[in-house]
Amino acid sequence: QKEVEQNSGPLSVPEGAIASLNCTYSDRVSQSFFWYRQYSGKSPELIMSIYSNGDKEDGRFTAQLNKASQYVSLLIRDSQPSDSATYLCAVSGGYNKLIFGAGTRLAVHP
Amino acid sequence: DTEVTQTPKHLVMGMTNKKSLKCEQHMGHRAMYWYKQKAKKPPELMFVYSYEKLSINESVPSRFSPECPNSSLLNLHLHALQPEDSALYLCASSQGGSGGAGETQYFGPGTRLLVL
């Protein structure tokens, strides 16, 4: 059974701080990793994709991948109240499948 | 443009009704997906169409019937649903050219379904 694990939170950070979201996965052959943001009542929105070990930066977001340790993380710098949402980690699970973690709820307080 | 559209936004139906959900994308994607999402849970894959053919059915009850009329459209026909089927139904699409391994999936806004 392929699994993706995330801490459900809530992760509470003050405005302007760095939020660090973590995800571990069980399938060693997974090749593609995604972070989606989902606001309450809305659909998932792609934030980042990462395929190679190391860091990938896009604006205030940095995704980090370590295939040897089977974890992927998302850092959000200068967190804003508008970043408050559930962040879903998704890992490729074979043909056309994404395996989703349960999501981490992030709360950024002013 | 990474837009996937879904209609209707909201749907209320009785257990004896027949209704359909519609999804459309114009990105040239060849893989399309239906997901079901309950509150505070991650999306749960239901069906995958690849090049207009059903490639994955995650053991979904037959009261849900998918249809892919062409490469841009995906329908989900609903019949004799149960109250526990109330959920957010999400459509997604991906490029569909690489055998599917790890393609980015783009989600539509979803249809919120309530079964009475």
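So, here's what we can say about the structure.

Scoring rules and cut-offs
- Residues numbered from 1 in each chain as written.
- Chains lettered and ligands numbered in written order.
- Predicted model: local features only at pLDDT ≥ 70, side-chain atom pairs only at ≥ 80, totals over all residues.
- Heavy atoms only, no water.
- Disulfide = S-S within 2.5 Å.
- Helix = DSSP H or I, 4+ residues; strand = E, 2+ residues; numbered from the N terminus.
- Buried < 20%, exposed > 50% of the residue type's maximum accessible area, 1.4 Å probe, protein only.
- Contact = heavy atoms within 4.5 Å.
- Polar contact = N/O pair within 3.5 Å; in protein donor to acceptor, adjacent residues only side chain to side chain.
- Buried area = accessible area lost by both parts, 1.4 Å probe.
- Salt bridge = Lys/Arg side-chain N within 4 Å of Asp/Glu carboxyl O.
- Nonpolar A, V, L, I, M, F, W, Y, C, P; charged D, E, K, R; others polar.

Before going further, it helps to spend a moment on the state of the cysteines. Residue and element names in this part refer to chain A. Evaluation of the coordinates by the stated rule reveals two disulfides over all chains. Each sulfur of the disulfide joining Cys-23 and Cys-89 lies 2.0 Å from the other. Torsion about the S-S bond of the Cys-23 and Cys-89 cystine: about -70 degrees, corresponding to left-handed handedness. Taken together, the residues Cys-23 in strand β3 (residues 19-25) and Cys-89 in strand β9 (residues 85-92) connect sequence positions 66 residues apart. The class for Cys-23 is buried, based on a relative accessible area of 1%.

Here we come to the environment of Lys56(A). All names here are of chain A. Along the polypeptide, Lys-56 turns up in strand β6 (residues 54-58). For the pair formed by Lys-56 and Asn-22, sequence separation is 34 residues and the distance between their alpha carbons is 15 Å. For Lys-56, the residues in contact, after removing those within four places along its chain, are Met-48, Ser-49, Ile-50, Phe-61, Thr-62 and Ala-63. A distance of 2.7 Å separates a polar atom in the side chain of Lys-56 from the backbone oxygen of Ser-49.

Contacts between the two partners involve 21 residues from chain A and, on the opposite side, 27 residues from chain B. With both sides pooled, the region where chain A packs onto chain B buries about 1700 Å², and carbon together with sulfur makes up 56% of that total. Broken down residue by residue, the surface that chain A buries against chain B is led by Tyr95(A), Asn96(A) and Phe100(A), which jointly contribute 35%. The interface formed by chain A and chain B holds one salt bridge in total. Our enumeration of links across chain A and chain B arrives at five residue pairs in polar contact (both at pLDDT 80 or more). Top contributing element to the side of chain A that touches chain B by residue count: strand β4 (residues 33-38) of chain A, with three residues. For the side of chain A that touches chain B, the per-class residue count stands at ten nonpolar, nine polar and two charged.

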